[in-house]
Amino acid sequence: MLHSKTFVKKTRGGKVNKQVREHYLRDDIYCGAPICKLCDSSAARLSPSASTILLLDTNVVLNQIDLLENPAIDDVVMLSVVLDEVKNKNMGVYNRVRALCSNSLRRFFVFANEHHKDTFVKEMAKESKNDRNDRAIRVAAQWYQSHLGGAARILLITNDKENKRKAIAEGISAETIESYVKSLDRPDLLDLVVQPSSEDVEMEEVEDLRPSKRKVIYTEHKPMSEITSGLHRGIYHQGKLRVNRYNPFEAYVGSESIGDEIIIYGRTNMNRAFDGDIVAVELLPQDQWHEEKSLSIADEEDEEEDVHLVPSSADDAPRTTNLVQGCSGDTNAVSSRPSGCVVGIIKRNWHSYCGSLEPMPLPAGSGGTAHALFVSKDRRIPKIRIHTRQLENLLDKRIIVAVDSWDRLSRYPSGHYVRTIGEIGDRDTESEVVLIENDINSRPFSSQVLACLPPLPWSVSSEDLANPVRQDLRDLRVFSVDPPGCKDIDDALHCTALPSGNFEVGVHIADVTNFVHPGSPLDDEASQRGTSVYLVERRIDMLPKPLTEDICSLRSDVERLAFSVIWEMTPEADIISTRYTKSVIKSCAALSYIEAQARMDDSRLMDPLTTDLRNMNVLAKKMRSRRIERGALTLASAEVKFQIDTETHDPLDIGMYQIREANQMVEEFMLAANVSVADKILKHFSLCSLLRRHPSPTREMLEPLLRTAAAVGLNLDVSSSKALAESLDRAVGDDPYFNKLIRILATRCMTQAVYFCSGDLSPPEYHHYGLAAPLYTHFTSPIRRYADVIVHRLLSASLGIYKLPSIFQDRSQLTSIADNLNYRHRNAQMASRASVELHTLIYFRKRPTDTEARVVKIRSNGFIVFVPKYVF
Amino acid sequence: MEFVSPEGLRLDGRRPMEMRQIRAEIGAVAKADGSAVFEMGNTKVIAAVYGPREVQNRTQQINDQALVRCEYSMANFSTGDRMRKPKGDRRSTEISLVIRQTMEACILTHLMPRSQIDIFVQVLQADGGTRSACINAATLALADAGIPMRDLVTSCSSGYLNSTPLLDLNYVEDSAGGPDVTVGFLPKVDKVTLLQMDSKLPIDIFENVMQLAIEGCKAIANYIREIMLENTKQLEYRRGI
Ligand SMILES: [Zn+2]
């Protein structure tokens, strides 16, 4: 109980219905400067030798966050009044500031001025909220000045003229962000400073950039109140804008209010909206629906330049494209689709983008500022105008640029330079771009995370063996089958023939949760990363290497901890009983798929291991055929294998990834283990289990597949997954690759399988369409997927081994974990594909090749081919 | 939503283990045998006690102990929004029952057979923790009426938000929908006489949260004792002892 009587209480009125809240003012809020003798400095964050302490006003934080993230800006006091305002205006920036404040390498200190007895300011009569907050900032600056008594200079950074004038009048030193950065003598930082937008006349130093061009290009966005009432009356439609990947001048807004997609042609109609923005759209008159298209293309001819578009296999093309409709001969369909124009933007999706500057001649007299156009790698993003003082350095670089504003007068949005990644075309730079674009954290693990690892060399201890929950399975003939060169082996198998003629089959999974404890830094990091990411030349681990490649990896001839699912199966592969246990195993062989296949195929081999393999294979085939009988889909995905030069890491050869029986055998048992575990955890925790579902595709989603199939005279039955699987099997053309192509197309029409919290949906929705399973989860790869870690915890709790960590009580938290996993999972997939594409390009850069190909799709600006030999 | 900032301050500036300002006053209703006003922050309740007196409805008379009755109500102006709170709604009935049971457990009813004690509590201003404030007010009023009690029963609530146990939730924290534990406690005999919780909590966290509420009860008991001492001194002074 710290209830201190020195608190002063004040109440605050507000809003229409008066609300009274208590507001306690305290005397135990410290200044955060270690040099201070009055305060408790145990939580001080500022540097002991700080000569200048910065106080920022709200607009500086909101606009200059990229600059603040640069380590050159340090010794900053964040006032709680500023944080509150930032939080109300932009949650994204708020999270970034909070990350800065909790980063131990940075010296950002949060001063709760609103609750400090000397810095709290009461709203004065007729004073606006903004003025009051500005005053609070100045009062806090003054308090710091007198509190530290000249031991450090307090500098208020504000771009607001009035605030700056008042501050100087009150004896506080104040500067604009530009002049402060200039005083640091770091020209590279100047590029990070966000320039005031040209419509904003309040700011200083507005240069009229292009007087001749200052005409209105875009129509004004409607004010929010008008949009709301328009949406209400049904004249506007709200939705997320998605720009066509192949044609950035065409976008779609999926609108619930009219139950269809609205097409938006041309930048003028898009009216400054970015991909992913939530926009309000007004429909154009019906007679303009058709002509609009040809008009807009002509209109933007001057803007459109020669594009070398890489047809990417990774593309999830927009759901429906009018071009496909065109080729199926249905011309009326085009005019019947509503088109519209954006009247307002409800929520911006601006973030930073990777790309490069448009080639341009260097202006005479280097060193000054130059304007350049930035071209994002993501073609859906328009060019971005930036100011730079280091043009000659940036022209051949991949850089990151953030968008600041887009006013009606300029054709392009304006932004600012954030940082350089490296040289264009360089393999490392481009790989880095892939990682950044997919928001993948590839930084080395922090020391706190590494501190959670058990000391090396690690081995199974006598306590582990004596643990009653852990069964000793070291005498079983356990082996693993993985891709060649696999170091993070997270699954192993065994198969023993029982005297009754049945088989005991076990799946043993690395016991990762024995080392990753809930709530530890290691666990937090893994849950953030969500999954390991496999690029062509490298792997970005979810867990540190000692765990993935050594302690948890079920390598041969060493004792390892495992979590086992053991079935008794009849020779017909019917499961009689299932048990789950933590275990200690000793793998006798770590086979590659090729080795395992070779052993099974070599009829001379009769050793016990090979017999086990053969038995398992027989069982697996039966399980597989039963699964296919139920309607599981075998879809093709274009998986490519590269041979990488060990020295230069450049690709030497590419080819299709060959799938052998051995792969399918292992996969079958993993599926079975996942299904068994899903059953078990759901039985115990019906509301907080993490499961994986695959929603059935709607007819609308399968439309592109059906249209393409119809174009070649093929009739697919999509009424159920079983019907689809059968009609895919029947789809055999004259071309040997035809079936494969149709399967690839089908795969692309499917929705993604997703993780979810069982309490959020009802049991019929748990269904996994692709596997034709009513329940499914991920249990078998805890080394590289965090979902499996969660499922391991659920399973051990259901066995009564450990208590369920508290986050499982909080369904909203579990849902947000599932959402993050889905996001990371999708990004990891995108990154792998992008990496494959990148290496394909590098491969063909030096090797012009002639080969056979199939045309898959024709578009107005090109066509997409499938090259069987290289699978893309 | 962020109920505890990374700096460890709650929305109203308290730290997680801190209670709101409490204030108490004895003798607000002169006509009653005992009365008190109790404030926890912006929550303000008044309690009045009549009795022990003759049982009004003879059929309810109990031969070996006193009959304790309690009526809880909320003033129409107590929440600010002009909602008419009908008397005797389910919530009021439930809280009346909770208060009656808690007080009955600490009154030495066997000393006053065939009599009746009426406790009236009314919420003047509601800002979270009304139940606790009512019990505390009732305790003071009973003491003021000179009714024999085992101990001073006190009450305090605590909750669990943003993975932090919080003492004495105010209205904003209370309406976050998190777990809300209300404890009634006899400090001298060290016994819990009332325990209520909304929502779910794992058992080990629950114990921490409950312990926090008990600490709150102890602090309130100290304060109530101080107020009573002060009141007694005043009485002595007036009588010129
Ligand atoms: Zn200080």
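Along each chain, residue indices are assigned from 1 in the same order as the chain's sequence is written. Each chain takes a letter, starting from A, and each ligand takes a number, starting from 1, following the order in which they are written. Residues qualify for local features only when their pLDDT is at least 70, as the model is predicted, and side-chain atom pairs are given and counted only at 80 or more; totals for whole chains, interfaces and linings, by contrast, use all residues. Note that the side-chain values use all heavy atoms of the structure and ignore hydrogens as well as water.

- Under an unreviewed UniProt entry, chain B has the name Exosome complex component RRP41 homolog and belongs to Lithocarpus litseifolius.
- UniProt positions are given in the numbering used here, feature names are shortened, and annotations may be inferred rather than shown by experiment. Annotation of chain B in UniProt includes, under Sequence similarities (unreviewed entry), the sentence "Belongs to the RNase PH family."

- Going by what an unreviewed UniProt entry lists, chain A is known as Exosome complex exonuclease RRP44 homolog A and is assigned to Lithocarpus litseifolius.
- Regarding chain A, the UniProt comment filed under Sequence similarities (unreviewed entry) reads as follows: "Belongs to the RNR ribonuclease family."

## Looking at the overall build of chain A
- Scanning chain A from terminus to terminus reveals 27 helices and 31 strands.
- With 872 residues in all, chain A has 51% of them scored as buried.
- Two residues form a contact once any of their heavy atoms are found within 4.5 Å. For chain A, the share of sequence-separated contacts (at least 6 apart) that also reach a separation of at least 24 residues comes to 68%.
- Using a 1.4 Å probe, the Shrake-Rupley method yields the accessible areas, and only the shown protein chains count as cover for residues. A total of about 40200 Å² of accessible surface is found on chain A, and carbon and sulfur atoms cover 51% of it. The secondary structure listing takes helices from DSSP runs of H or I that are at least 4 residues long and strands from runs of E that are at least 2 residues long, numbered from the N terminus. For each residue, the accessible area found with a 1.4 Å probe, counting protein chains only, is set against the maximum for its type, and the residue is called buried under 20%, exposed over 50%, and partly exposed in between.

## Quick notes on the packing of helix H23 (residues 699-711) of chain A against helix H25 (residues 738-749) of chain A
Residue and element names in this part refer to chain A.
- Put simply, H23 and H25 touch, their axes get as near as 8 Å, and they point 160° apart. When the axis of H23 is compared with that of H25, the two are roughly antiparallel. Pair H23 / H25 crosses with right-handed handedness. Here H23 contributes Met701, Leu702, Pro704, Leu705 and Thr708 to the contact with H25, which in turn contributes Ile742, Leu745, Ala746 and Cys749.
- Throughout, the ten residues Ala, Val, Leu, Ile, Met, Phe, Trp, Tyr, Cys and Pro are labelled nonpolar, Asp, Glu, Lys and Arg are labelled charged, and all others, Gly among them, are labelled polar. Of the residues contributing to the contact of H23 with H25, the split by class is eight nonpolar, one polar and no charged. Axis definition: a line fitted to C-alpha atoms, over the contacting stretch in the case of helices. Angles run 0 to 180 degrees between N-to-C directions. An angle below 35 degrees is read as roughly parallel, one above 145 as roughly antiparallel, one from 65 to 115 as roughly perpendicular, and any other as oblique. Handedness of a crossing follows from how the near helix is turned relative to the far one, being left-handed for an anticlockwise turn of less than a right angle and right-handed for a clockwise one.

## Considerations on the interface of chain A and chain B
- If you look at the interface, chain A gives 23 residues, while chain B gives 25 residues.
- The quantity reported as buried area is the accessible area (1.4 Å probe) lost by two parts once they are put together, taken as the sum for both. Interface area for chain A against chain B, summed over the two sides, is near 2200 Å², with a carbon-plus-sulfur share of 49%.
- Any Lys or Arg side-chain nitrogen found within 4 Å of a carboxyl oxygen on Asp or Glu counts as a salt bridge. Here Asp28 of chain A ties to Arg15 of chain B by a salt bridge, and the two come within 3.2 Å at their closest N and O atoms.
- Distance and chemistry together define a polar contact, namely a pair of N or O atoms within 3.5 Å, with one atom able to donate a hydrogen and the other to accept it when in protein, and with adjacent residues in sequence counting only for side-chain atoms on both sides. On inspection of chain A and its partner chain B, the count reaches eight residue pairs in polar contact (both at pLDDT 80 or more).
- Put simply, the parts of the chain that give the side of chain A that touches chain B at least two residues each are strand S1 (8-12), strand S2 (21-25) and helix H4 (91-102) of chain A.
- Ranked by residues supplied to the side of chain A that touches chain B, first place goes to S2 of chain A with four residues.
- Class assignment of the residues belonging to the side of chain A that touches chain B gives a composition of nine nonpolar, six polar and eight charged.

## Examining the confidence of the model for chain A
Residue and element names in this part refer to chain A.
- Scored between 0 and 100, pLDDT is the confidence that the predictor attaches to each residue. Here chain A shows a mean pLDDT of 78. Residues at 70 or above account for 83%.
- Averaged pLDDT values over the elements of chain A bottom out at 36 in helix H12 (residues 322-327) and peak at 92 in strand S4 (residues 76-79).
- Note that residues 1-9 has pLDDT below 50 and, in this model, 22 contacts with residues that lie over four places away or in other chains.
- Contacts of residues 291-334 to residues separated by more than four positions or lying in other chains number 68 contacts, the stretch itself having pLDDT below 50.

## What to know about the coordination of the zinc ion
All names here are of chain A.
- Metal donors: N, O and S atoms at distances within 2.8 Å, or within 3.2 Å for Na, K and Ca, with water omitted from the atom set so that some sites may seem incomplete. At the metal site, the zinc ion is ligated by Cys31 (SG), Cys36 (SG), Cys39 (SG) and His147 (NE2), and these contacts range over 1.9 to 2.3 Å.
- Because the angles between the four donor atoms bound to the zinc ion fall within 100 to 115°, the donor set is best described as tetrahedral.
- Sequence spacing of the donor residues for the zinc ion, all on one chain, is C-x4-C-x2-C-x107-H. Pair noted here: Cys36 is in the loop between S2 and strand S3 (52-56) and His147 is in helix H5 (residues 129-148), with a separation of 111 residues, a long-range link. Each member of the pair, Cys36 as well as His147, carries the same accessibility label: buried. A site with four donors is called tetrahedral when every donor-metal-donor angle falls between 85 and 135 degrees; four donors are called square planar, and six octahedral, when opposite donors sit more than 155 degrees apart and all other angles fall between 65 and 115; any other arrangement is irregular.

## Here's the deal with the pairing of strand S21 (residues 503-510) of chain A
Residues and elements named next belong to chain A.
- Most of S21 is tucked away, with eight of its eight residues classed as buried.
- Judged from the seven bridges that link them, strand S20 (residues 491-497) and S21 form a sheet pairing that is antiparallel. Along S21, the bridge assignment pairs His494 with Gly506.
- When DSSP locates at least two bridges between a pair of strands, those strands are taken to pair. Pairing of S21 with strand S24 (residues 559-569) involves eight bridges; the strand directions are antiparallel. Each bridged residue has a counterpart across the sheet, and for Gly506 the counterpart in S24 is Ile566.

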